[in-house]
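The primary structure of each chain is shown beneath.
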Amino acid sequence: MTKQMIEKAAVYVRNELGEDATGHDWYHVDRVRRAALHICSEEQAGDPFIIEMAALLHDIPDEKLNDSAEAGKKKLDLFFQSIELPDEAQNAIVQIIESISYKGGRKTELKSIEAKIVQDADRLDAIGAIGIARAFAYGGKKGQPIYDPAINVREEMSLEEYRKGKSTSIHHFYEKLLKLKDLLNTDTAKNMAEKRHQMMEQYLEQFYLEWDGQDR
C-alpha cells in the first residue's frame, strides 16, 4: 500500500511541477527524494516512507509556486484525500513540509529526524553546480538582474523582504546559498556539502574576475 502511495505521489508531482522553470521542477523533487533516502540509509534513522513522501510533496504547497499559501495548502490537502493517507502519516508529512523552508534564514525548530533529513536533502540541491544553475533560473524567472554591485547584500530580513525585496542572483549566494553548509543537520549531509560549497566559492571568484575584466 505504501509503495502505491509513493507512486501516486510521484505521478502527481510530475504532473504539477513538470514544466516549472524556476528550479522547482520534477527533477529537483526527484533529486531531493533520492538524497533524502540516501541520508536516511547512511544515518540509519527516520521512517523511509514518511521521508520519501515528504520529499516528493515538499514543493506542492510552496507559496512561491501557488497563488497563495492557502491555495498551496488546499492543493496538498486534496491530494491526501485522494490517496486516503492515514491522519498520523499525513500530519507527520505536513509538519515536515511546513518546517523545512529557509524563510529568509529564520531558524525553525525541527521536531523530527525525518524533517531534518528532508531539509538537508532540499538544501543540498540548492548548492553546488546544480544550485548555481537553479539560482540563476529562479532569479531570471523573478526578473532579477544577474548582478548589480550598487545593491547591498541583505543581512536580516523579514519573510516579505526575503521574498520580494530588491536583490540579484549573485546576492542570493550571500543571502542564502553560502549559509546552508553550516545549517545542515546530519553528518552525511555535511560531508556531501563540502565539495558543493567549495564549487560555489570558486565560481564566485571566477565571476568577479570576469566581471572586472581581470580574467586575461
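Sequence order as written defines the numbering, with residues in each chain counted from 1. Selection of residues for local features in this predicted model requires a pLDDT of at least 70, selection of side-chain atom pairs for listing and counting requires 80 or more, and totals for whole chains, interfaces and linings are taken over all residues. Hydrogen atoms and water are omitted, and side-chain values are computed over all heavy atoms in the structure.

## Regarding the packing of aromatic side chains
And then number 1: Aromatic pairs are defined between Phe, Tyr and Trp rings, using the six-membered ring for Trp, whenever the two ring centres lie within 6.5 Å; interplanar angles under 30 degrees are classed as stacked, those over 60 as edge-to-face, and all others as tilted. Inspection of the entire model under this criterion finds 11 aromatic pairs.
And then number 2: Residues F79 and F80 carry aromatic rings whose centres are separated by 6.3 Å and whose planes lie at 50 degrees to one another, so their mutual orientation is tilted.
And then number 3: For the pair Y147 and F207, a centre-to-centre distance of 5.7 Å together with 85 degrees between the ring planes defines the contact as edge-to-face. Of this pair, Y147 sits in the loop between α7 (128-142) and α8 (159-164) while F207 sits in helix α10 (residues 187-211), placing them 60 residues apart in sequence. Each member of the pair, Y147 together with F207, is buried.
And then number 4: In textbook terms, an aromatic cluster arises when at least three aromatic residues are bridged by ring pairs, as seen for F136, Y147, F173, Y203, F207, Y208 and W211. Only DSSP runs of H or I covering at least 4 residues are called helices, and only runs of E covering at least 2 are called strands; the numbering of each starts at the N terminus. Only protein chains enter the calculation, and the probe is 1.4 Å; a residue is then buried if its accessible area is under 20% of its type maximum, exposed if over 50%, and partly exposed in between.

## What to know about the pattern of salt bridges
And then number 1: Within this document, salt bridges are pairs made up of a side-chain nitrogen of Lys or Arg and a carboxyl oxygen of Asp or Glu, the two lying within 4 Å of each other. Under the criterion given, the structure shown has 9 salt bridges.
And then number 2: Between E16 and K75 there is a salt bridge, with the nearest N and O atoms lying 3.4 Å from each other. Here E16 is found in helix α1 (residues 2-17), whereas its partner K75 is found in helix α4 (residues 69-83), with 59 residues between them in sequence.
And then number 3: Taking relative accessible area as the criterion, K75 reaches 25% and is therefore assigned partly exposed.
And then number 4: D125 is the salt-bridge partner of R31, the closest N and O atoms lying 2.7 Å from each other.

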